[in-house]
Amino acid sequence: MKNKLIDKFGREISYLRISITEHCNYRCFYCRDAEHTPNCKREDILSYEDIQRIVRLFAELGISKVRVTGGEPLLRRGIVKIAKLISSVDGITDVPLSTNAHLLGKFADKLFKNGINRVNISIDSLIPERFKEITRGGDIAEVMNGIDEAIKAGMSPIKLNVVAMRGVNDDEIESLIDFAIDKGIDIRFIETMPIGNAGIEASAQHISEKELLSKITQHLKGKLTPIASSKTDGPASSFKIDNTQSSVGVISAVSNHFCQTCNRVRLTAKGDLILCLGQEDSISLKDAVRSDLSDEAIKAMIMNAINKKPEKHVFNSVVDNISNRQMAEIGG
Ligand code: SAM
C-alpha cells in the first residue's frame, strides 16, 4: 500500500516545491528587495545527488508532485538533468515548473521531453514598458516566445500567474484574460502576499479576492462555470471559461486562510525544508543528506518536521517573523 505523509491536523502532504537556485534574471519589485543579491557559494546549494536523494525519500513517504521553482529555475546549469532526475524517481507523477519564461523558448522542448509536463508562467503585464518596470529589466518579447514554445512543446496545462496590484496592472485584468483565451491557456490572479520587505511594501497595492472576482465576472458575464477543486489544485478558486480552452482563477492567500487544505512543503536551494510560507519553522535537509544518517533516519526527521507543520500562516497578523525572507529564495 502507498505511504501517506499526514500531519497532526490530518492534512495529507503530497506536494513538494523545490527551489533549485536563488538567482533570478528578473527583480520583480514585490518579490525581491532592489539591492538583494543571493549570498551563497556553490557548495551551499543542493547538488544533483542531494536533490535526487531528498526527492526519493519524499516519494517513499508518499509525495507524488514536485514543483521545480527558484529564483529562476532556468538559470540553474543542469536544469534539464534535474528535471530528468526528479521525474525519474519512482512514485513522482507530476513535475510542474514555475518560471518567468525569459529562457523558456530555449528550454521548453527539452524540459518536456525530460519530464516537465506542465508550467506556470509569471506575467504581470502585456505592456512592454510596464513589464520592464515591474520586473526591473524584463523583456516581454522573450516571455511571449517562451509561452509559444511551451505550447508547441505540448506542456499542459500552461497557467499564467499574474500578481494583481492596484495602480500597477489592475487595468490589464481584462486584456490578460483575453490574451490567455487567445492562446488557449489558463490564467490565475494572485493576491500580493506580505512576505519579505518587498512583499510587505507591495501589500499597499493589494487587491482582494472579492474585487478580483467581481472584475473577472463583469468581463466574462455568464461565461464562467466553477471548477470543483481537487486535492492537488492548491489554493485557487477557478472557473472554466465557457466555449474556450481556458480557465481563470484567483489565488487568495490573504483574503482566505486556505491553510486547512494545505498539502505542501517547500525546500529552499540551500536545502532548508520550510513547513509554511508564512511561518519561520524549518529544518536543514542538506545537512542530513550530507551526513552519515541512513535513509530511514532522514525519513523519520522529515516525518517529525511534518508533524510540526503549523496549523496556519500568520501573515495577516504578524509580519515581523517573515520580513527577512525573500520570496525569490523560497520559491513562491
Ligand atoms: N522565477 C519563477 C517565476 O517567476 O515564477 C519562480 C519563482 S517566483 C518567486 C514564484 C511566484 O511567486 C511568482 O508567480 C511570483 O509572482 C510570486 N510572488 C513573488 N512574490 C510575491 C508576493 N509578494 N506576493 C504574491 N506572489 C508573489
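Whatever comes next refers back to the structure up there.
The structure displayed is predicted, hence computed values, not measured ones. Residue positions within a chain follow its written sequence, with the count starting from 1. Where totals are concerned, whole chains, interfaces and linings use all residues; where local detail is concerned, this predicted model gives features only for residues with pLDDT of at least 70, and gives and counts side-chain atom pairs only at 80 or more. To obtain the side-chain values, all non-hydrogen atoms of the structure were used and water was disregarded.

A.B. asks: Would you explain the pairing of strand 5 (residues 158-163) in this entry?
C.D. replies: On a regular strand, one side chain projects to one face of the sheet and the next to the other, so that they alternate. For every residue, the accessible area obtained with a 1.4 Å probe (protein chains only) is divided by the maximum for its type, and the residue is called buried under 20%, exposed over 50%, and partly exposed between those limits. Numbered from the N terminus, helices here are DSSP runs of H or I no shorter than four residues, and strands are runs of E no shorter than two. Among the six residues in strand 5, six count as buried, and that is most of the element. Burial along strand 5 is two-sided: Ile158, Leu160 and Val162 facing one way and Lys159, Asn161 and Val163 facing the other are all buried.

A.B. asks: Whenever I open this one, the packing of helix 2 (residues 79-87) against helix 3 (residues 104-113) confuses me. Can you help?
C.D. replies: Axis angle and axis distance: for two packed helices, these are the angle between their axes and the distance between the axes, and together they describe the pair. Orientation is described by axes fitted as lines to C-alpha atoms, over the contacting stretch for helices, and by angles from 0 to 180 degrees between their N-to-C directions. It is the contact of helix 2 with helix 3, at a shortest axis distance of 9 Å, that shows an interaxial angle of 25°. Classified by the angle their axes make, helix 2 and helix 3 are roughly parallel. Crossing hand, helix 2 versus helix 3: right-handed. Residue-level contacts link Ile79, Val80 and Ala83 of helix 2 to Phe107, Lys110 and Leu111 of helix 3. Classification used: nonpolar for Ala, Val, Leu, Ile, Met, Phe, Trp, Tyr, Cys and Pro, charged for Asp, Glu, Lys and Arg, polar for all others including Gly. For the contact of helix 2 with helix 3, the residue count by class is five nonpolar, no polar and one charged. Any angle that falls under 35 degrees is termed roughly parallel, while one over 145 is termed roughly antiparallel, one within 65 to 115 roughly perpendicular, and all others oblique. Helix crossings are classified by the rotation of the near helix relative to the far one: an anticlockwise turn of less than a right angle makes the crossing left-handed, while a clockwise turn makes it right-handed. Contacts: residue pairs with any heavy atoms within 4.5 Å of one another.

A.B. asks: How should the site of the ligand be read in this particular structure?
C.D. replies: Put simply, a residue is near a molecule or strand once any heavy atom of it comes within 4 Å of that molecule or strand. Lining the immediate environment of the ligand, one finds 19 residues, of which Tyr30, Gly71, Glu72, Ser122 and Met193 sit closest. Tyrosine 30 is positioned such that a nitrogen or oxygen atom in its backbone is 3.0 Å from a nitrogen atom of the ligand. N or O atoms within 3.5 Å of each other form a polar contact, as long as, within protein, one can give a hydrogen and the other can take it, and as long as residues adjacent in sequence are counted only when both atoms are side-chain atoms. Within the backbone of asparagine 100, one N or O atom sits 3.5 Å away from an oxygen atom of the ligand. Throughout, the Shrake-Rupley method with a 1.4 Å probe supplies accessible areas, and for residues the shown protein chains are the sole cover considered. For the ligand, whose accessible area on its own is 550 Å², the fraction buried by protein is 93%. At the level of secondary structure, the elements contributing two or more residues to the shell around the ligand comprise strand 3 (97-99) and strand 5.

A.B. asks: Which parts of the structure should I look at to understand unusual backbone geometry?
C.D. replies: Apart from glycine, the bulk of residues carry a negative phi angle, and the bulk of peptide bonds sit in the trans form. In this model, serine 156 is joined to proline 157 through a cis peptide bond whose omega is -5°. Of note, proline 157 is situated in the loop between helix 5 (140-153) and strand 5. Unlike most non-glycine residues, asparagine 243 shows phi in positive territory, near 60°. You can see asparagine 243 is positioned in the loop between strand 8 (236-241) and strand 9 (247-251). Classification of asparagine 243 as exposed rests on a relative accessible area of 82%.

A.B. asks: Looking at this model, I keep getting lost on the environment of alanine 202. Mind explaining?
C.D. replies: With respect to the helices, strands and loops of the structure, alanine 202 is situated in helix 7 (residues 196-202). Among the residues examined, alanine 202 registers a relative accessible area of 2% and is labelled buried.

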